[in-house]
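Listed below, chain by chain, are the residues.
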Amino acid sequence: MNSIIDLPASVTRESLIELEDHLKLSEIPTFEDDDWADANEGGELVHEFAAGLYVRKAVVPAGMLFITKIHKKTHPYFMLSGKCRVLTEDGVEDMVGPRHGLTPAGTKRLIYVVEDVTWYTVHATDKLTPDEVEKEVIAKDYGELSFTSAEIKNLTKQKD
C-alpha cells in the first residue's frame, strides 16, 4: 500500500477485525458507534421511521476511513453522491454516486471516503429507535450470524 487510498486486493474477515483492533489502539482518532457524525465537520446522521421501515442517512466527509459493523440482514443502500474506495472479502471497489445496491448479510467493509458521500440504508423492522434497530440488524461478531436456507441461496447467487 503506497497511500491511504491504495487498498490491498482482498481481505479476510479476520484481517478486517485485526485492522479494526489495531486502529483502536493507534493514535489515529477513532469513534465508537455514531460519534463520528458530531466529531467531523460536515458529518451528519439522520434516523427516520415509517411504516415498518428504518431509514438511515449518513453524510460522511472526505478523508474519513472507517470499518463498518457486521450486518445480520441483507438490505438496500442508496449512495446519492460522492466517491469512496471500499474493501471487502470480495476485493476493492471504487464507488461513485449516484448508485444503489444490496448489502448482503455478513458484510463488513473498510471504507475510505474520497469525496463527501451521502449514503442511505433502509431496514425492514418494527423497532422504533436506532439502538433497537442496531440490536436487530448488527452482529457483535461473525459467530452471531445465522442464515435461513433462502438467505444462503441468495448469498451464493451474489458471489457468482
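Calculation criteria
Residues numbered from 1 in each chain as written. Predicted model: local features only at pLDDT ≥ 70, side-chain atom pairs only at ≥ 80, totals over all residues. Heavy atoms only, no water. pLDDT = per-residue confidence, 0-100. Helix = DSSP H or I, 4+ residues; strand = E, 2+ residues; numbered from the N terminus. Polar contact = N/O pair within 3.5 Å; in protein donor to acceptor, adjacent residues only side chain to side chain. Contact = heavy atoms within 4.5 Å. Expected span 1.5 Å × (residues − 1). Buried < 20%, exposed > 50% of the residue type's maximum accessible area, 1.4 Å probe, protein only. Arc of directions from axis to C-beta. Phe/Tyr/Trp six-rings, centres within 6.5 Å; stacked < 30°, edge-to-face > 60°. Lys NZ or Arg CZ within 6 Å of the ring centre and 35° of its normal.

### Considerations on the confidence of the model for the protein chain
Low pLDDT means the predicted atomic positions in that stretch should not be read closely.
Consideration 1: When the pLDDT values of the protein chain are averaged, the result is 80; 75% of them are 70 or greater.
Consideration 2: Within the protein chain, the element-level pLDDT minimum falls on helix H4 (residues 149–159), averaging 51, and the maximum on strand S7 (residues 99–103), averaging 95.

### Things to note about the side chain of Lys108
Consideration 1: Residue placement: Lys108 occurs in the loop between S7 and strand S8 (110–124).
Consideration 2: In terms of polar contacts, Lys108 uses its side chain to reach the backbone carbonyl oxygen of Thr68, at 2.9 Å.
Consideration 3: If sequence neighbours within four positions are ignored, Lys108 has contacts with Leu16, Ile17, Glu20, Ile67, Thr68, Lys69, Ile70, Leu87, Thr88 and Tyr142.

### Points about helix H1 (residues 13–25)
Consideration 1: Over its 13 residues, H1 extends 19 Å from the first C-alpha to the last, a length consistent with the 18 Å expected when each residue adds 1.5 Å.
Consideration 2: For H1, the complete set of buried residues consists of Leu16, Glu20 and Leu23. Seen end-on, H1 carries its buried residues on one side only, within an arc spanning 65°. Along H1, exposed side chains directed more than 90 degrees from the buried face belong to Glu14, Glu18, His22 and Leu25.
Consideration 3: In this structure, the buried residues of H1 make contact with strand S3 (65–67) and S8.

### A word on the packing of aromatic side chains
Consideration 1: For the structure on display, the rule yields two aromatic pairs.
Consideration 2: Residues Tyr77 and Trp119 carry aromatic rings whose centres are separated by 4.9 Å and whose planes lie at 20° to one another, so their mutual orientation is stacked. Of the two residues, Tyr77 is situated in strand S5 (residues 75–88) and Trp119 in strand S8; the sequence distance between them amounts to 42 residues.
Consideration 3: The exposure class assigned to Tyr77 is buried, which follows from its relative accessible area of 4%.
Consideration 4: You can call Trp119 buried: its relative accessible area is 13%.
Consideration 5: Lying over the aromatic face of Tyr77, Arg109 brings its terminal NZ or CZ to 5.8 Å of the ring centre.

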